[in-house]
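Architecture at a glance
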2 protein chains.
Amino acid sequence: MTGTDKTRALVLIADGTEEMEAVITIDVLVRAGIEVTIANTNPSESSAESIKCSRGVRIVPDTHLSALPLPTPADPDTSFYYDVLMIPGGGPGAQTMAASTLVHQWVHAHYSKPGVLLAAVCAGPTVLKAAGVAKGAQVTSHPSVRDQLKDYFEYRDDVKGSEIVVKDEKAQLLTSRGPGSTFELALRIVEELKGKEVMESVRGPMMFP
Amino acid sequence: MTGTDKTRALVLIADGTEEMEAVITIDVLVRAGIEVTIANTNPSESSAESIKCSRGVRIVPDTHLSALPLPTPADPDTSFYYDVLMIPGGGPGAQTMAASTLVHQWVHAHYSKPGVLLAAVCAGPTVLKAAGVAKGAQVTSHPSVRDQLKDYFEYRDDVKGSEIVVKDEKAQLLTSRGPGSTFELALRIVEELKGKEVMESVRGPMMFP
Ligand SMILES: [Cu+]
């Protein structure tokens, strides 16, 4: 899909990222055979080796985002694109990403590339707005950031049950509401990228109620 | 409950621990105002600063288990006990803990202390068996380790829905099946330690489907 055989995901994290939203997504995607890169998006002058997430869990990123080659439409080599770019919530983490020009560039590049998914959960969709992509797309989020999003997106309120993951077909964008719906979001990413059969083979052994 | 006002949890991790099971538990407990210590149980000669979990997420522990004071019944100071000792799954992580004499000592100490909870998910209950506690207790686990457990515990097969967390009252032991039921286990720990109202105040904002 992106010039390599391997399906690849890029998950952005920063200090204050919601650790469940990041880790559930990463783990479920790895279970589906997707190669996941965890990128630190803290301002690059901050040199800490681990990210301190919203409830104190410290995660070691694979790389800083600034160390990855930013794909551009002019470049004939499309192998720098990921198949999905995922933005977890956690207010302070999302604020750091929303303020980062580099994150805006990565979001733009992947939004503009046909066949590439964007995914965001909880406060994550605020980063899409800050990057200026997907205006008018159908989106949901954690209710705590609804008011920041409702005039920019076509906001979907109170989605529940099987509707808890919102897809905007045109923007190739998946969004959901919080840690409690991140399994659903991650499994939906798997289904979009690898098909329903793979998704079900990943879901079964996780032992949902 | 244990000599301090603060409710405290000890979560054991090792290389190969299931990262969702650890992180969901830690995060949900912190949301409930519980102080969580994440202890490295790798053989202490291994000096890596981070734990490499089952799907590649690297987590920085708060301490090595050997650096914490092991509570003993003879000690009049009960402040070394935690209110809950939690063992996540992930086969290789659970095997490391099952082979650790130090982990056995910690499990024994907390099992023997009235008012203290044990919790285990997925392959975690194999560590309880290895430590020689809770024989005959009602337990569930991931089906992949059922055969290791069914003669030692009173094994509960195929628990689902609202039954997916199994409590043994006598052993003060909570068990569940996998990453997909770890939210339920963590919320049950919160309910046992802090009451139903706190549990519900934590569950709501996580936005379950
Ligand atoms: Cu969140």
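Refer to the preceding data block for the structure.
Procedures and definitions
Residues numbered from 1 in each chain as written. Chains lettered and ligands numbered in written order. Predicted model: local features only at pLDDT ≥ 70, side-chain atom pairs only at ≥ 80, totals over all residues. Heavy atoms only, no water. Contact = heavy atoms within 4.5 Å. Buried area = accessible area lost by both parts, 1.4 Å probe. Salt bridge = Lys/Arg side-chain N within 4 Å of Asp/Glu carboxyl O. Polar contact = N/O pair within 3.5 Å; in protein donor to acceptor, adjacent residues only side chain to side chain. Helix = DSSP H or I, 4+ residues; strand = E, 2+ residues; numbered from the N terminus. Nonpolar A, V, L, I, M, F, W, Y, C, P; charged D, E, K, R; others polar. Pairing = 2+ DSSP bridges. Core = buried A, V, L, I, M, F, W, Y, C linked by side-chain atoms within 4.5 Å. Buried < 20%, exposed > 50% of the residue type's maximum accessible area, 1.4 Å probe, protein only. Least-squares fit on C-alpha atoms with pLDDT ≥ 70 in both. Right-handed = clockwise from strand over helix to strand, strands pointing away. Phe/Tyr/Trp six-rings, centres within 6.5 Å; stacked < 30°, edge-to-face > 60°. Lys NZ or Arg CZ within 6 Å of the ring centre and 35° of its normal.

Notes on the interface of chain B and chain A
Of the residues lining the interface, 36 residues belong to chain B; the matching set on chain A comes to 36 residues. Between chain B and chain A lies a buried interface of about 3,000 Å² when both sides are counted; carbon and sulfur atoms form 66% of it. Applying the counting criterion to the chain B and chain A interface returns four salt bridges. With a closest N to O distance of 3.5 Å, B:D62 and A:R58 form a salt bridge. The tally of links between chain B and chain A comes to 14 residue pairs in polar contact (both at pLDDT 80 or more). Looking at the side of chain B that touches chain A, the element that brings in the most residues is helix α1 (residues 19–31) of chain B, giving nine residues. Taken together, the residues that form the side of chain B that touches chain A break down as 19 nonpolar, seven polar and ten charged. Where strand β4 (residues 58–60) of chain A meets strand β4 (residues 58–60) of chain B, three bridges bridge the pair, whose relative direction is antiparallel. Within the sheet, the bridge partner assigned to A:R58 lies in β4(B) and is B:V60.

Description of the sheet that holds strand β6 (residues 84–87) of chain B
Residues and elements named next belong to chain B. The strand order β5-β2-β1-β6-β7-β11-β10 describes an open sheet built from seven strands, whose pairing is mixed. Looking at the sheet topology across the chains shown, the edges are occupied by β5 (63–64) and β10 (166–168). Here β6 pairs with strand β7 (residues 117–121) via four bridges, running parallel. The partner of I87 across the bridge, within β7, is A120.

Quick notes on the sheet that holds strand β3 (residues 51–52) of chain A
As summarised here, the arrangement of the four strands in space is β3(A)-β4(A)-β4(B)-β3(B), forming an open sheet in which the pairing is antiparallel. The open sheet is flanked by β3 of chain A together with β3 (51–52) of chain B, the only strands paired with a single partner.

Here we look at the nonpolar core
Of all hydrophobic cores here, the largest spans 74 residues; its most connected members are A:V28, A:L29, A:I189, B:V28, B:L29 and B:I189. Residues in contact with A:I189, not counting those within four places in the same chain, are A:T25, A:L29, A:V84, A:M86, A:L117, A:A119 and A:L174.

Comments concerning the relation of the copies chain B and chain A
Note on the copies: chain B fits chain A at an RMSD of 0.0 Å, the axial shift is 0.0 Å, and the rotation between them is 180°. Accordingly, the operation relating the two chain copies is best matched by a two-fold axis. Measuring from the rotation axis to each C-alpha of chain B, the shortest distance belongs to B:I59, at 2.3 Å. A shared interface surface links the copies, since 100% of the contact residues of chain B are contact residues in chain A too.

Quick word on the pattern of salt bridges
Close approach of charged atoms allows side chains with opposite charge to pair. As enumerated under the stated definition, the model contains 24 salt bridges over all chains in all. For A:D27, the salt bridge is made with A:R31, and the minimal N-O distance between the two is 2.8 Å. With a gap of four residues between them, A:D27 and A:R31 both fall in helix α1 (residues 19–31), about one helical turn apart. For A:D27, a relative accessible area of 0% puts it in the buried group. In this structure, A:R203 and A:E200 form a salt bridge, with 3.8 Å as the shortest nitrogen-oxygen distance. Of this pair, A:R203 and A:E200 both sit in helix α7 (residues 196–203), three residues apart, roughly one helical turn. Through salt bridges with shared partners, a single ionic network connects A:E18, A:R55, B:D27 and B:R31.

Concerning the pairing of strand β2 (residues 35–40) of chain B
A regular strand places its side chains so that they alternate between the two faces of the sheet. All names here are of chain B. Counting buried positions along β2 yields five of six residues, so the element is predominantly enclosed. Direction of pairing for strand β1 (residues 8–13) relative to β2: parallel, over a ladder of six bridges. Its bridge partner lying in β2, I13 is registered against N40. Traced from β1 through α1 to β2, the parallel crossover comes out right-handed.

Description of the environment of B:V60
Here B:V60 shows up in strand β4. Looking at B:V60, the relative accessible area reads 13%, which means it is buried. B:V60 sits 44 residues away from B:G16 along the chain, and the two C-alpha atoms are 14 Å apart. Contacts of B:V60, omitting those with residues within four sequence positions, involve A:S50, A:R58, A:V60, B:E49 and B:S50.

Overview of unusual backbone geometry
Residues and elements named next belong to chain B. A positive phi is found at A134, a non-glycine position, where the angle reads about 65°. Within the secondary structure, A134 sits in the loop between α4 (125–131) and β8 (138–139). Unlike most non-glycine residues, M207 shows phi in positive territory, near 65°. Its location among the elements puts M207 in the segment after α7 (196–203).

Some points on the packing of aromatic side chains
Inspection of every chain in the model, using the stated rule, returns seven aromatic pairs over all chains. On the numbers, 4.9 Å between centres and 90° between planes, the contact of A:F183 with A:F208 is edge-to-face. Highlighted residues: A:F183 in helix α6 (residues 182–194) and A:F208 in the segment after α7, separated in sequence by 25 residues. On the basis of relative accessible area, A:F183 is assigned to the buried category, the value being 3%. Ring plane angle 85° and centroid distance 4.8 Å describe the contact between B:Y152 and B:F153, whose orientation is recorded as edge-to-face. Across the pair, exposure class does not vary: B:Y152 and B:F153 are buried alike. Members of the aromatic cluster, connected to one another through ring pairs, are A:F183, A:F208, B:F183 and B:F208. One residue, A:R8, lies across the ring of A:Y82, its end atom 4.1 Å from the ring centre.

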